[in-house]
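Read off the chains here:
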Amino acid sequence: MHSILCAMDENQYKLIQNTRIANEAWDILEVTHEGTEIVKGSKLQVLQTQFEMLMMEENECFNDFEIKLIDIVNQSHQLGDPYSDKRIK
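Below, the structure is looked at part by part. (Residues numbered from 1 in each chain as written. Predicted model: local features only at pLDDT ≥ 70, side-chain atom pairs only at ≥ 80, totals over all residues. Heavy atoms only, no water.)

A word on the overall build of the protein. Within the protein one finds six helices and zero strands. Across the 89 residues that make up the protein, the buried fraction comes to 21%. Sequence-distant contacts, at least 24 apart, represent 29% of the contacts inside the protein between residues at least 6 apart. Carbon and sulfur atoms provide 53% of the accessible area of the protein, an area that totals close to 7100 Å². (Helix = DSSP H or I, 4+ residues; strand = E, 2+ residues; numbered from the N terminus. Buried < 20%, exposed > 50% of the residue type's maximum accessible area, 1.4 Å probe, protein only. Contact = heavy atoms within 4.5 Å. Areas by Shrake-Rupley, 256 points an atom, 1.4 Å probe, with all protein chains shown as cover.)

Let's shift gears to the side chain of T19. In this fold, T19 is placed in the loop between α2 (10–16) and α3 (22–34). Engagement of the side chain of T19 in a polar contact is seen with the backbone oxygen of I16, the distance being 2.7 Å. (Polar contact = N/O pair within 3.5 Å; in protein donor to acceptor, adjacent residues only side chain to side chain.)

A few words now on the packing of α3 against helix α4 (residues 37–53). For any two helices packed against each other, one specifies the crossing angle of their axes together with the interaxial distance. Where α3 meets α4, the axes come as close as 9 Å, and the angle between the chain directions of the two elements is 30°. For the pair α3 and α4, the crossing hand works out as left-handed. In this structure, α3 contributes E30, H33 and E34 to the contact, and α4 contributes V39, K40 and K43. (Axes fitted to C-alpha atoms, helices over the stretch in contact; angles between N-to-C directions. Left-handed = near helix turned anticlockwise from the far one by under 90°.)

The subject of this paragraph is the pattern of salt bridges. What the rule picks out here adds up to one salt bridge. We note a salt bridge from E60 to K68, for which the minimum N-O separation is 3.0 Å. (Salt bridge = Lys/Arg side-chain N within 4 Å of Asp/Glu carboxyl O.)

Let's shift gears to the packing of α4 against helix α5 (residues 62–78). Put simply, α4 and α5 touch, their axes get as near as 10 Å, and they point 155° apart. Taken together, α4 and α5 sit at an angle that is classed as roughly antiparallel. Relative to α5, the crossing made by α4 is left-handed. Along the contact surface, α4 presents L44, L47, Q50 and F51, while α5 presents L69, I72, Q75 and S76. For the contact of α4 with α5, the per-class residue count stands at five nonpolar, three polar and no charged. (Parallel < 35°, antiparallel > 145°, perpendicular 65-115°, else oblique. Nonpolar A, V, L, I, M, F, W, Y, C, P; charged D, E, K, R; others polar.)

Moving on: α5. Given a rise of 1.5 Å per residue, 17 residues ought to cover 24 Å, and the 24 Å separating the end C-alpha atoms of α5 matches this to within 8%. By the burial criterion, the buried members of α5 are F65, L69, I72, V73 and S76. Buried residues in α5, looked at end-on, bunch into an arc of 95°, giving them a common side. Of the residues in α5, the exposed ones pointing more than 90 degrees away from the buried face are I67, H77 and Q78. G80 sits one or two residues past α5 and shows a positive phi near 95°. (Expected span 1.5 Å × (residues − 1). Arc of directions from axis to C-beta.)

Counting eight residues, the largest nonpolar core is built from L44, L47, F51, L69, I72, V73, L79 and Y83. Sorting the residues of this core by element identifies α4 and α5 as the ones contributing at least two each. I72 has contacts with L47, Q50, F51, L54 and Y83, leaving out every residue within four places of it along the chain. (Core = buried A, V, L, I, M, F, W, Y, C linked by side-chain atoms within 4.5 Å.)

Everything listed is a geometric property; what it means functionally is a separate question.
Spelled out as structure tokens, the structure:
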């Protein structure tokens, strides 16, 4: 519990200051930052649509396109749904 408290800023600390069990504090922080399972599912659906609709613009350089692609992939990974390398390439 001490490690979690040391890593918090003041606002995060206020959310978990009355918890005594590390797992309870972790659950509160997880929902605060990632949302509930329903919210995660909605976010993943939006990201999937963005991934499927992603097209390189006519005046866009490859690096900018790659950044957009990697951003979608990283956000999906953080929500627990990583894209396979085959799907990205």
